[in-house]
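Results of the structural survey
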Amino acid sequence: MVASSTTGLLLGFFVIFGLVNVGVVVGEDPYRFFDWNVTYGDIYPLGVKQQGILINGQFPGPEIYSVTNDNLIINVHNSLPEPFLISWNGVQQRRNSYQDGVYGTTCPIPPGKNFTYTLQVKDQIGSFFYFPSLAFHKAAGGFGGIKILSRPRIPVPFPDPADDYTLLIGDWYTANHTKLKAILDHGHRLPLPDAILINGRGPNATTFTVEQGKTNRLRISNVGLQHTLNFRIQGHLMKLVEVEGTHTVQTTYESIDVHVGQSYSVLVTADQAPQDYYIAVSTRFTDRVLTNTAILHYSNSQRSVSGPIPGGPTIEIDWSVKQARSIRTNLTASGPRPNPQGSYHYGLVNISRTIQLESSAAQVDRKQRYAVNSVSFIPTDTPLKLADYFKIGGVFKVGSIADSPPHKNMYLDTSVLGADFRAFVEIVFQNRENIVQSWHIDGYAFWVVGMDGGVWTPASRDQYNLRDAISRSTTQVYPKSWTAIYVALDNVGMWNIRSEFWARQYLGQQFYLRVYSPVGSIRDEYPIPKNALLCGRAAGRPARPQ
Ligand SMILES: *[C@@H]1O[C@H](CO)[C@@H](O)[C@H](O)[C@H]1NC(C)=O
Ligand SMILES: *[C@@H]1O[C@H](CO)[C@@H](O)[C@H](O)[C@H]1NC(C)=O
Ligand SMILES: *[C@@H]1O[C@H](CO)[C@@H](O)[C@H](O)[C@H]1NC(C)=O
Ligand SMILES: *[C@@H]1O[C@H](CO)[C@@H](O)[C@H](O)[C@H]1NC(C)=O
Ligand SMILES: *[C@@H]1O[C@H](CO)[C@@H](O)[C@H](O)[C@H]1NC(C)=O
Ligand SMILES: *[C@@H]1O[C@H](CO)[C@@H](O)[C@H](O)[C@H]1NC(C)=O
């Protein structure tokens, strides 16, 4: 989709081979170094002691601040007594799925060991987050925000905000992750969460200070396990400006639904009387509504927060669908490059393949499992990407999940869907269940061309938005509805497609998309990193055969 110059490719080459050892190369994209120590530690998000996963002693973890094309060198020391990995939600890692930090791409970091991720935030801007991908660690912390700012000379379609705040919101349990995992391992469902956290804290414990008359940017990510959350600010409107790396048509909302795994940037102007206001976050589509609040504090505030906490929608689906359809790409604004976001006319490209994915829930061997197209994913001992690289047979089979729902009984397999590099694919997520789903694709952003109630048919294409659909990496699918996306498969690698509903992901509702180029050129995919950890049937192999 994006043509790189030869220089760009050579620099990319240095980035991977040079790592920390190569000196400064003139014109090379900047490096940012991070040294992270992952430990267990006491946290008190709701006033009672819990064991959280901390990064450098922090919960949530430190924020990653970066600029388009920066190289991020992140050395993660695992001081937990169990294997650990971090993954980067929405960061595309072009040609470099080894760095994705999910089970299928990267060996777990053993206890007491470290692994240095080498990511480049190539051709990206926007708001994302990282999270721990193994076991049920995500329920204990280890997550944090990622900001990718535009390069200095690339126009941003709004004035520089006075401040730029990250808000990580999510549902939360007082039970620890080992307990929650045990509930799932025994084949049971999780109870309702105990609370919602805002930046790891409970009611009124987080304050965002603003100056009267100034406009601030808030980057809101739902880092929780399952629930859609509605976000709003007492007495203030929010102007949506960015969604997962795309500058949006700037629309003003009173409140915004943030589905699990999604990220939104809004501008908020402190244009009210000088006092404190509630920031409210509450669960959507639940019988019992959980709410948490933070404080928007005017620096010249004369009154502490007061009045009723602003209410939001609760079970209304139509409200959410209407809002989803109003979120569109600003075609004339720049993204990561100077050219406008609308210069790539996705609506004019011919579809080379249609893939229909249908979720299901069932019992297998009397235990609760979840599936996509009847296959419930099970890991093997060797990351799929390494098995592919070392040509180790018997780990997975390409084509072990069908292009459309076979409507068979659910079964377990290590499901991998094969696809050709540069194919332009239509994916339809069909939801016949009664819950709101959220789907994520690693390594890519995709256009959300349509969503509607009922069952998708080819005639549903008549209502697609082929002009200014939003491009993002996580999309919701409403109950008994479908969502259709277009994706240009321009990133070779092994990429996780998963439900962001974490218990479902853990119990099999995920698979891998193997985007393959027969050429085997480093123009298309970087070789395995020199520091790659090797495990399972890849253990002991020479990482870089000379
Ligand atoms: C990580 O933190 C733990 C606990 O403070 C400490 O014992 C350990 O030495 C640290 N490891 C690194 C690599 O900094
Ligand atoms: C989780 O809680 C249980 C008790 O419910 C405790 O035995 C276990 O050590 C805890 N594990 C972690 C990782 O905090
Ligand atoms: C572990 O950290 C050391 C520096 O503390 C670094 O030299 C080494 O490359 C790291 N190991 C991996 C596998 O990244
Ligand atoms: C879209 O972006 C352009 C270019 O930056 C800007 O002038 C315009 O106001 C934006 N339009 C909307 C509706 O957001
Ligand atoms: C703090 O937050 C809770 C709910 O989030 C609310 O009920 C309470 O009244 C708040 N206000 C103050 C001033 O503490
Ligand atoms: C798409 O397919 C149509 C019909 O097969 C063909 O006429 C057209 O040139 C194709 N467009 C592109 C952009 O490849």
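Residues numbered from 1 in each chain as written. Chains lettered and ligands numbered in written order. Predicted model: local features only at pLDDT ≥ 70, side-chain atom pairs only at ≥ 80, totals over all residues. Heavy atoms only, no water.

Going by an unreviewed UniProt entry, the chain carries the name L-ascorbate oxidase-like and comes from Quillaja saponaria. Database annotation for the chain, UniProt heading Sequence similarities (unreviewed entry): "Belongs to the multicopper oxidase family." (UniProt positions renumbered as here; feature names shortened; annotations may be inferred.)

1. Quick notes on the overall build of the chain
For the chain, the count of helices and strands is five helices and 33 strands. Considering only contacts in the chain between residues 6 or more positions apart, those separated by 24 or more positions represent 77%. Surface accessibility of the chain: about 21,200 Å² in total, with carbon and sulfur atoms responsible for 52%. (Helix = DSSP H or I, 4+ residues; strand = E, 2+ residues; numbered from the N terminus. Contact = heavy atoms within 4.5 Å. Areas by Shrake-Rupley, 256 points an atom, 1.4 Å probe, with all protein chains shown as cover.)

2. Concerning the site of ligand 2
Around ligand 2 lies a shell formed by Y40, Q51, N176, H177 and T178. At 2.3 Å from an oxygen atom of ligand 2 is found a side-chain nitrogen or oxygen belonging to N176. In the complex, 46% of the free accessible area of ligand 2, which totals 360 Å², lies under the protein chains. Residues that form the shell around ligand 2 fall into these classes: one nonpolar, four polar and no charged. (Near = heavy atom within 4 Å. Polar contact = N/O pair within 3.5 Å; in protein donor to acceptor, adjacent residues only side chain to side chain. Nonpolar A, V, L, I, M, F, W, Y, C, P; charged D, E, K, R; others polar.)

3. Some details on the domain arrangement of the chain
For the chain, the domain assignment lists domain 1 (12-149), domain 2 (164-326) and domain 3 (344-538). Tallying the contact residues gives 28 residues for domain 1 and 32 residues for domain 2. Here domain 1 packs against domain 2, burying approximately 2,400 Å² in sum over the two surfaces, 67% of which is carbon and sulfur. In terms of surface lost to domain 2, no three residues of domain 1 exceed L46, S127 and F136, which account for 25% of the buried area on that side. Taken together, the connections running from domain 1 to domain 2 amount to one salt bridge. Across the pair D164 and K147 runs a salt bridge whose closest N-O atoms are separated by 3.5 Å. (Domains from an automatic or database assignment. Buried area = accessible area lost by both parts, 1.4 Å probe. Salt bridge = Lys/Arg side-chain N within 4 Å of Asp/Glu carboxyl O.)

4. Describing the site of ligand 5
Taken together, P203, N204, Y278, T293, V305 and I309 make up the full set of residues adjacent to ligand 5. The contact in question runs from an oxygen atom of ligand 5 to an N or O atom on the side chain of N204, over 2.5 Å. The separation between a nitrogen atom of ligand 5 and a polar side-chain atom of Y278 is 2.9 Å. For ligand 5, whose accessible area on its own is 360 Å², the fraction buried by protein is 49%. Of the residues contributing to the shell around ligand 5, the split by class is four nonpolar, two polar and no charged.

5. Quick look at the packing of aromatic side chains
Two descriptors summarise a pair of aromatic rings, namely the distance from one centre to the other and the angle between the planes of the rings. Taken as a whole and judged by the stated rule, the model has 27 aromatic pairs. When the centroid spacing of 6.0 Å and the interplanar angle of 10 degrees are considered together, the rings of Y31 and F33 count as stacked. The class of Y31 is partly exposed, set by a relative accessible area of 24%. The exposed category is assigned to F33, whose relative accessible area is 53%. Among the aromatic residues, those joined into a cluster by ring pairs are Y344, Y346, F424, W447, Y464, W482 and Y486. Above the ring of Y98, the side-chain terminus of K385 is found at 5.4 Å from the ring centroid. Directly above the ring of F501 sits R504, whose terminal nitrogen or CZ lies 5.2 Å from the centroid. (Phe/Tyr/Trp six-rings, centres within 6.5 Å; stacked < 30°, edge-to-face > 60°. Buried < 20%, exposed > 50% of the residue type's maximum accessible area, 1.4 Å probe, protein only. Lys NZ or Arg CZ within 6 Å of the ring centre and 35° of its normal.)

6. So, the sheet that holds strand β2 (residues 50-55)
Read across the open sheet, the four strands follow the order β2-β1-β4-β6; overall the sheet is mixed. With partners counted over all chains shown, the strands left at the sheet margins are β2 and β6 (114-120), one partner each. Strand-to-strand twist of the sheet, defined as the mean angle between neighbouring strand axes without regard to direction, takes the value 20 degrees. Sheet topology places strand β1 (residues 31-43) next to β2; six bridges connect them, and they run antiparallel. Bridge pairing in β2 places T39 opposite L54. (Pairing = 2+ DSSP bridges. Axes fitted to C-alpha atoms, helices over the stretch in contact; angles between N-to-C directions.)

7. Details of the sheet that holds strand β5 (residues 86-89)
Spatially, the four strands line up as an open sheet ordered β3-β8-β7-β5, and their pairing is mixed. Both edges of this open sheet fall to β3 (64-67) and β5, since each of them pairs with a single strand only. Taking the axes of each pair of neighbouring strands and ignoring which way they run, one obtains an average angle of 25 degrees across the sheet. Note that strand β7 (residues 126-132) and strand β8 (residues 144-149) share five bridges and pair antiparallel. In the sheet register, Y130 faces β8, and the bridge partner there is G144.

8. Remarks on the pattern of salt bridges
For side chains of opposite charge, pairing can occur when their charged atoms come near one another. Overall, the coordinates contain 25 salt bridges when judged by the stated rule. K385 serves as the salt-bridge partner of E525, at 2.7 Å between the closest nitrogen and oxygen. Taken together, the residues span a long stretch of sequence, with E525 in the segment after β33 (510-516) and K385 in helix α4 (residues 384-389) at a distance of 140 residues. Each member of the pair, E525 as well as K385, is classed as buried. The closest approach of N and O atoms between R514 and D388, which form a salt bridge, is 2.7 Å. One end of the pair, R514, is in strand β33; the other, D388, is in helix α4, with 126 residues separating them in the sequence. As far as the burial class goes, R514 and D388 line up, both buried.

9. Some details on the nonpolar core
One recurring pattern in soluble globular proteins: nonpolar side chains tend to sit buried together. Counting 63 residues, the largest nonpolar core has L167, L218, F231, I427 and L489 as its most contacted members. F231 has contacts with L167, I169, L218, I220, M238, E254, S255, I256, I279, A280 and V281, leaving out every residue within four places of it along the chain. Among the nonpolar cores identified, the runner-up in size contains 45 residues, and I148, F377, F390 and V416 belong to it. (Core = buried A, V, L, I, M, F, W, Y, C linked by side-chain atoms within 4.5 Å.)

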